[in-house]
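For reference, the chains in residue letters:
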Amino acid sequence: MKRQKFIAGNWKMNGGLQANAELLSAIGEGLRAQAPACRVAVAVPMPYLAQVRQLLAGGAIELGAQDVSRHEKGAFTGETSAAMLAEFGVRHCLVGHSERRQYHGEADAVVAAKAQRLLVHGITPIVCVGETLGEREAGQTDAVVARQLGAVLALLGSDAARIAVAYEPVWAIGTGRTATPEQAQQVHAALRAQLAGAQPGAANVPLLYGGSMNAANAADLLAQPDIDGGLIGGAALKAPDFLKIIGSTHDL
Ligand code: PEP
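On a predicted model such as this, the values are computed, not experimentally measured, just so you know.

Chemist: How would you summarise empty space enclosed by the protein if you had to cite specific residues and measurements?
Modeler: For the coordinates displayed, the defined rule picks out 1 cavity of 30 Å³ or more. Of the pockets and cavities examined, the largest cavity occupies roughly 40 Å³. In terms of lining residues, the largest cavity is bounded by A8, G9, A41, V42, A43, G64, A65, H92, C93, L94 and I126. Here the lining of the largest cavity is built from residues that sort into 8 nonpolar, 3 polar and no charged.

Below you can see the structure in the form of structure tokens.
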């Protein structure tokens, strides 16, 4: 089955009112010129959801967020609920990004609970999984990503068909070091098999690759049979690079 490619930008903790407007204006202009062959989203910092929603209105780019509370509502100072994200038109939300796992102690069960909360509110969780360099060198890559994804699948049951997954090797994020297309494909194929085994309906969930994807390496990664798109950090902040990545889906 041919799955539509999906390119999502993760702005992380970057941006500003003026910078966001300029970036999205440049991307919007580029997209009008090339008519994207893929779905496109940007995951922006919480304070900019309202601004970016307005800037994206009527266009093809979908709004995303980078994190969500695992709780529905209540005394959780500083957190943002899935219901709030939905009110701002958020369509996608990252969960379990390695920076959240690493710096905020997010365990697999928390990631799974966040994914569940999002689905209740009609938002697609983009579940991030990936091994550290030490884990790869110890031959644990498959076991680590299977454990991370498995926790989400176990909690969601048949709703697993409604998620997206991003394979992001931790050693490739923001480092300029990219998994080879073969390395990435191998993990994606294993994730696809795990999804299909857990829930037949989940066999075709979008599987994105993330980790120093850029204008130069995107086409080779995206040409792999089980790589359905990209989660882009640094290169999503530069309109020409992001547009080139989007453009590389045209020939696939
Ligand atoms: C990310 O943060 O999800 C990411 C893939 O970052 P980068 O593209 O900068 O490696």
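Chemist: Could you give an account of the packing of aromatic side chains, with specific residues and numbers?
Modeler: Any aromatic ring pair is given by two values, namely how distant the centres are and how the planes are angled relative to each other. Within the structure shown, the criterion is met by 1 aromatic pair. Directly above the ring of F6 sits R39, whose terminal nitrogen or CZ lies 5.5 Å from the centroid.

Chemist: Kindly report on the environment of G130, identifying the contributing residues and their values.
Modeler: Mapped onto the elements of the fold, G130 is located in the loop between strand 5 (124-129) and helix 6 (133-137). G130 gets classed as buried once you look at its relative accessible area, which sits at 8%. Sequence-wise, G130 and P45 are 85 residues apart; in three dimensions their C-alpha atoms are separated by 22 Å. Apart from the residues lying within four places of it in its own chain, the contact partners of G130 are V144, V145, Q148, Y167, E168, P169 and V170.

Chemist: Requested: an account of the pairing of strand 1 (residues 6-10), with residues and values cited.
Modeler: Of all 5 residues making up strand 1, 5 are buried, and the element is well covered by its neighbours. The alternating pattern of strand 1 places F6, A8 and N10 on one face and I7 and G9 on the opposite face, and all of these are buried. As paired elements, strand 1 and strand 2 (residues 39-44) share 5 bridges and run parallel to each other. Within strand 2, the position partnered with N10 by the bridge is A43. Remark: the strand 1/helix 1 (residues 17-34)/strand 2 crossover connection has right-handed handedness. Where strand 1 and strand 8 (residues 229-232) come together, 4 bridges link them in parallel fashion. When the bridges of strand 8 are listed, A8 appears paired with L231.

Parameters and conventions
- Residues numbered from 1 in each chain as written.
- Predicted model: local features only at pLDDT ≥ 70, side-chain atom pairs only at ≥ 80, totals over all residues.
- Heavy atoms only, no water.
- 1 Å grid on protein atoms, 1.4 Å probe; cavity = no way out; pocket = protein on both sides within 12 Å on 5 of 7 lines; lining within 4 Å.
- Points joined across faces, edges and corners; volume = space filled by probe spheres on them.
- Nonpolar A, V, L, I, M, F, W, Y, C, P; charged D, E, K, R; others polar.
- Phe/Tyr/Trp six-rings, centres within 6.5 Å; stacked < 30°, edge-to-face > 60°.
- Lys NZ or Arg CZ within 6 Å of the ring centre and 35° of its normal.
- Helix = DSSP H or I, 4+ residues; strand = E, 2+ residues; numbered from the N terminus.
- Buried < 20%, exposed > 50% of the residue type's maximum accessible area, 1.4 Å probe, protein only.
- Contact = heavy atoms within 4.5 Å.
- Pairing = 2+ DSSP bridges.
- Right-handed = clockwise from strand over helix to strand, strands pointing away.

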